[in-house]
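# Summary of structural features
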Amino acid sequence: MIFAQLTDIHIKAGGKFAYNCVDTLSHLRKAVAHLNAFRPRLDFVVISGDLVDLGNADEYELFRQEIDQLTMPFYVIPGNHDHRDAMREAFADHDYLTNEGALQFSIEKDGLRIIGLDTTIPGKHDGHFDADKQTWLRAELTAHKDQPTLVFMHHPPFKTGIEHMDDIMLMRAEEDFWPVVTGQSQILQIACGHVHRAIEVFKNGIPVSICPASGHQVTLDLEPDGEPSFVMDPPAVRIFRWTGGELINHLSFIGDFGGRHPFFDKNGNLID
Ligand SMILES: [Fe+2]
Ligand SMILES: [Fe+2]
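Residues numbered from 1 in each chain as written. Chains lettered and ligands numbered in written order. Predicted model: local features only at pLDDT ≥ 70, side-chain atom pairs only at ≥ 80, totals over all residues. Heavy atoms only, no water.

- If you look the protein up in an unreviewed UniProt entry, it shows as 3',5'-cyclic AMP phosphodiesterase CpdA from Pseudovibrio denitrificans.
- The protein has a UniProt comment under Sequence similarities (unreviewed entry) that states "Belongs to the cyclic nucleotide phosphodiesterase class-III family." (UniProt positions renumbered as here; feature names shortened; annotations may be inferred.)

Here it is, written out as structure tokens:
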């Protein structure tokens, strides 16, 4: 089974560009074309939050119009730029989503459990994992104890060193989140968004990744008190390959970078 993670699309309505600079709609169209063209065909796509920029109905309408061009099923969770109720309304036909409160899901695909968490706090940019969310996740992990599991969440539960983003991470991750997942050996990976660049850490025995955004990327600035800014590094999606035993993930950059160039000549010899 092969599937993808797409994240941090930040669609704006009315032809507006994000930060008066980024044409996020064009970036989404390129991302959808990239995902549709991927071979072998993707089985599905998980979209890990910040679907739109301000969280209003116009933006969700535009997002739906574009994302519905995907030729495979897709699953969504919210980010801090989403509005939970407007998003629930826009995806009312997505019956895998929980009906009230946090907008989360737990599904099984080819023996792999896929859990999507809602780490948002309405009206705020940082994230949290309150008692209700802890109870729900604990129950899911207990109910599917023997099933290999991949967890998606928007806010990463670790500090990246990019300070202005670390200020709006999953708050109280050590107290509220890590005790729920630590020691749950069925969790193969936690895949996040929010930071708009490729970052990975191995924490409490679990690999945790962040996926680049479909448009603008957060500047890699590890200086203390670095100024918040973004750069137009190549956008990317993560491609996951589930073998039934192993979960492998690749970054797939969106854009034309030349190639495919052959390694071998027409006689089968390595080109020297
Ligand atoms: Fe974002
Ligand atoms: Fe975010």
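That was the structure; now back to the text.
### A word on the sheet that holds strand E12 (residues 236-242)
- The strand order E3-E2-E1-E12-E13 describes an open sheet built from 5 strands, whose pairing is mixed. At either margin of the open sheet sits one strand with a lone partner, and together these are strand E3 (74-77) and strand E13 (247-253). Taken over all neighbouring pairs, the strand axes of this sheet differ in orientation by 20° on average, direction set aside.
- Contacts from helix H1 (residues 24-37) reach strand E1 (2-6), strand E2 (44-48), E12 and E13 within the one sheet, and its direction differs from that of E1 by about 170°. (Pairing = 2+ DSSP bridges. Helix = DSSP H or I, 4+ residues; strand = E, 2+ residues; numbered from the N terminus. Axes fitted to C-alpha atoms, helices over the stretch in contact; angles between N-to-C directions. Contact = heavy atoms within 4.5 Å.)

### Concerning the sheet that holds strand E7 (residues 187-192)
- On the basis of which strands lie adjacent, the open sheet formed by 6 strands has the order E4-E5-E6-E7-E9-E8 and mixed pairing. Both edges of this open sheet fall to strand E4 (105-109) and strand E8 (199-203), since each of them pairs with a single strand only. Adjacent strand axes in the sheet meet at a mean angle of 20°, parallel and antiparallel pairs treated alike.
- Judged from the 3 bridges that link them, E7 and strand E9 (residues 206-210) form a sheet pairing that is parallel. For Ala-191, the partnering residue across the bridge sits in E9 and is Ser-209.
- Its contacts with the sheet place helix H4 (residues 131-143) against E4, strand E5 (112-116), strand E6 (149-153) and E7, and it is angled at close to 175° to E5.

### Structural notes on the packing of aromatic side chains
- This model, assessed by the stated rule, comprises 12 aromatic pairs.
- Ring centres 5.1 Å apart and planes at 10° place the aromatic pair Phe-3 and Phe-240 in the stacked group. In this pair, Phe-3 sits in strand E1 while Phe-240 sits in strand E12, placing the two residues 237 residues apart along the sequence.
- Judged by relative accessible area, Phe-3 falls into the buried class, the value being 0%.
- For Phe-240, a relative accessible area of 0% gives the class buried.
- Plain terms: the ring middles of Phe-44 and Tyr-75 are 5.8 Å apart, the flat faces sit at 85° to each other, and that makes the pair edge-to-face. Separated by 31 residues along the polypeptide, Phe-44 in strand E2 and Tyr-75 in strand E3 bring together distant segments of the chain.
- Classification of Tyr-75 as buried rests on a relative accessible area of 10%.
- By the ring-pair criterion, three or more aromatic residues cluster together here, those being Phe-3, Phe-44, Tyr-75, Tyr-96, Phe-105, Phe-152 and Phe-240.
- Its end group placed over the ring of Phe-44, Lys-109 keeps NZ or CZ at 5.2 Å from the ring centre. (Phe/Tyr/Trp six-rings, centres within 6.5 Å; stacked < 30°, edge-to-face > 60°. Buried < 20%, exposed > 50% of the residue type's maximum accessible area, 1.4 Å probe, protein only. Lys NZ or Arg CZ within 6 Å of the ring centre and 35° of its normal.)

### Some thoughts on the nonpolar core
- Phe-3, Leu-6, Val-45, Ile-47 and Phe-63 are the most contacted members of the largest nonpolar core, which has 47 residues in total.
- Membership of the second largest hydrophobic core comes to 27 residues, among which are Trp-136, Val-151, Val-195 and Ile-206. (Core = buried A, V, L, I, M, F, W, Y, C linked by side-chain atoms within 4.5 Å.)

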